[in-house]
Amino acid sequence: MKEDYLWDKTGGDFDIEQLENTLQAFRYQETAPPGLPAKIIPFEAKPSRRLFKLTFAFALFAAIAVVCFSAWFYFPNVKTEIAKDSPKIISPPNVENTVKEIPLEKTTNLMIENTETPKNSIKKEVVKIKKFVPQVVRPNKPEAREAAIKNAEDLIANKQAEKPPVKLTKEETYAYNQLMLALSITSSKLKIVTDKLEGIEEQNAVRVNER
Amino acid sequence: MKLSKYSLSVVLPLMLLFAVVTTNAQDAARLHFEQLKGLETRAQDVVEVNIDGKMLDLAKRVMVKVNDEDAKKVGQAISGLKGIYVRVYNFANENEYNVADVDQIRAQLNVPGWEKLANVRSKKNNQKVDIFTMFAGDVMSGVAVVVSDTKSIAVVNVIGPIDIDILVEMSGKMNIPKIDIERDNQPKPKKQ
């Protein structure tokens, strides 16, 4: 086999020529170009990446929304349950209001109920209640409970009694005292008369009944 | 123009007449206590209170300032008050004063205008209580209370409308109320 024949068909190579002759039927023949098929299959465009992005964003948003809604529905319910019976947990300094409004037995039950709740997030709130409730519910005996309520009522009364001092001049004070003195004397004298008249009426009524 | 002249000629005299009548009614409701002055030397305790004019206005203003329910009630009762005059004489011994002096006060009330609202006579301590009222139309223009027994005399003269029911209701509660008063002329603490 000569390599020149293969390279530029110079010289002769019997084997290759024989092979060429055998495969002559498949040799390239320059003819007219092939025509297009009768049915044209349309080109299917790929869905754009933008649409894919939008779909993904919507799905993500929906997922977040579902999570948020479920959390909102679940947690607020727990809070309102506590708030229904709890003695104003949000503002612990208002002890007097708490004692006045909430029966003590209820508060005790509430503490037990809440400690049974399984969720960790709720437990945190229960702990807060536990810290506050004993201050109010400490007295279990009825006498002690009454005393606690009375103390709270006294606190309220004291708070109400603590009014800002009235700024008066010397003349105003004198005038006010004089007027109050005059009115107190007048009212006491009028009271004497009304008491006497009422006494006389009662005596008359007794006499009429006796007859 | 004619209407305004007419209205002026009618309304002005009417207003003047009303003012004169009101002033006269107030003056008529005022009792004279000169006769009782001689008792001051003989009495063991004397209480003399005269409140009217500016003093009364001051007291009413204070009543508004004081944030107290009783004070508000009293303020309501005396809103139309023009004056209040009180004389109280307490004696150490019985019959230490001249009964004629008190009768002179009672005599001032036995004139047209004053109406007797109530009088009580008790043999115990010879107690006599009289309440008189004076009205100008439908409006009360004066009240007089005279209380006397063997050892004391009390005369109260109120000028202007006053709610007697509220006063009676407030009796006992109205002893000069304790209010926190900050006086302007209080000496300030010295800084060290």
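Residues numbered from 1 in each chain as written. Chains lettered and ligands numbered in written order. Predicted model: local features only at pLDDT ≥ 70, side-chain atom pairs only at ≥ 80, totals over all residues.

Chemist: Describe the overall build of chain A, and please don't skip the residues or the numbers.
Modeler: Tallying secondary structure elements over chain A gives eight helices and one strand in all. Counting helices and strands in the order they occur from the N terminus, chain A gives α-α-α-α-α-α-α-β-α. Counting only residues that meet the buried cut, chain A has 12% of its 211 residues in that class. Relative to all contacts within chain A whose residues are 6 or more apart in sequence, the contacts with residues 24 or more apart total 49%. (Helix = DSSP H or I, 4+ residues; strand = E, 2+ residues; numbered from the N terminus. Buried ≥ 20, exposed ≤ 12 C-beta atoms within 10 Å, placed from the backbone. Contact = placed C-beta atoms within 7 Å.)

Chemist: Just give me the short version of the environment of G80 of chain B, but keep the residues and values in it.
Modeler: All names here are of chain B. In this structure, G80 sits in the loop between α4 (69–77) and β2 (83–90). Taking the number of C-beta atoms within 10 Å as the measure of exposure, G80 has 12 and is therefore exposed. Considered as a pair, G80 and S141 are 61 residues apart in the sequence and their alpha carbons are 9.5 Å apart. Leave out the neighbours within four places in its chain, and G80 touches G160 and P161.

Chemist: Describe the environment of K73 of chain B, and please don't skip the residues or the numbers.
Modeler: All names here are of chain B. Structurally, K73 is set in helix α4. Sequence spacing of K73 and D163 is 90 residues, and the spatial spacing of their C-alpha atoms is 10.0 Å. Sequence-distant contacts of K73, that is, excluding residues within four places in its chain, are made with I166 and M170.

Chemist: Go over the packing of helix α3 (residues 53–65) of chain B against α4 of chain B, please, and point to the residues and values.
Modeler: Residues and elements named next belong to chain B. One can describe the packing of α3 onto α4 by two numbers: an axis separation of 8 Å at closest approach and a directional angle of 140°. Taken together, the axes of α3 and α4 lie oblique to each other. As α3 packs across α4, the resulting crossing turns out to be left-handed. Each of K60, M63 and V64 in α3 lies in contact with α4, whose residues at this interface are A71, V74 and G75. Taken together, the residues of the contact of α3 with α4 break down into four nonpolar, one polar and one charged. (Axes fitted to C-alpha atoms, helices over the stretch in contact; angles between N-to-C directions. Parallel < 35°, antiparallel > 145°, perpendicular 65-115°, else oblique. Left-handed = near helix turned anticlockwise from the far one by under 90°. Nonpolar A, V, L, I, M, F, W, Y, C, P; charged D, E, K, R; others polar.)

Chemist: Could you give an account of the confidence of the model for chain A, naming the residues involved and the relevant values?
Modeler: Detailed reading of the predicted coordinates is not advisable wherever pLDDT is low. Averaged over chain A, the pLDDT score is 70; the fraction of residues at 70 or greater is 61%. Low pLDDT (under 50) marks residues 130–134 of chain A, which in the prediction has five contacts with non-local residues, meaning those over four places away or in another chain. (pLDDT = per-residue confidence, 0-100.)

Chemist: Any details on the sheet that holds strand β3 (residues 114–122) of chain B? Residues and values, ideally.
Modeler: Residue and element names in this part refer to chain B. Taken together, six strands build an open sheet; the order of strands is β1-β2-β6-β5-β4-β3 and the sheet is antiparallel. Of all strands in the sheet, those with a lone pairing partner are β1 (45–52) and β3, marking the two edges. Strand-to-strand, the axes of this sheet are offset by a mean angle of 5°, without reference to chain direction. Sheet topology places β3 next to strand β4 (residues 127–136); eight bridges connect them, and they run antiparallel. Its bridge partner being in β4, S122 is matched across the sheet by Q127. Relative to β1, α3 is tilted by about 90°, and along the sheet it contacts β1 and β2. Its contacts with the sheet place helix α5 (residues 99–109) against β3, β4, β5 (139–149) and β6 (152–159), and it is angled at close to 155° to β5. (Pairing = 2+ DSSP bridges.)

Chemist: A description of unusual backbone geometry should follow, citing residues and the corresponding values.
Modeler: Residues and elements named next belong to chain B. Here the phi dihedral of N125 falls at roughly 65°; this positive angle occurs in a residue that is not glycine. Looking at where N125 falls in the secondary structure, it is placed in the loop between β3 and β4. Take N125: there are 12 C-beta atoms within 10 Å of it, and that puts it in the exposed class. Of note in this structure, N126 is not a glycine but carries a positive phi near 55°. On the secondary structure map, N126 appears in the loop between β3 and β4. What makes N126 partly exposed here is the crowd of 14 C-beta atoms within 10 Å.

Chemist: Explain the nonpolar core residue by residue, including any values.
Modeler: Counting residues in hydrophobic clusters, the biggest one holds 51 residues, and the most contacted among them are L179 of chain A together with A59, V62, A144, V145, V156 and I162 of chain B. Among the elements that take part in this core, helix α8 (residues 170–210) of chain A stands out by supplying nine residues, more than any other. Setting aside residues up to four positions removed in sequence, I162 of chain B forms contacts with A77, I78, L81, M140, V143 and L167 of chain B. (Core = buried A, V, L, I, M, F, W, Y, C linked by C-beta atoms within 7 Å.)

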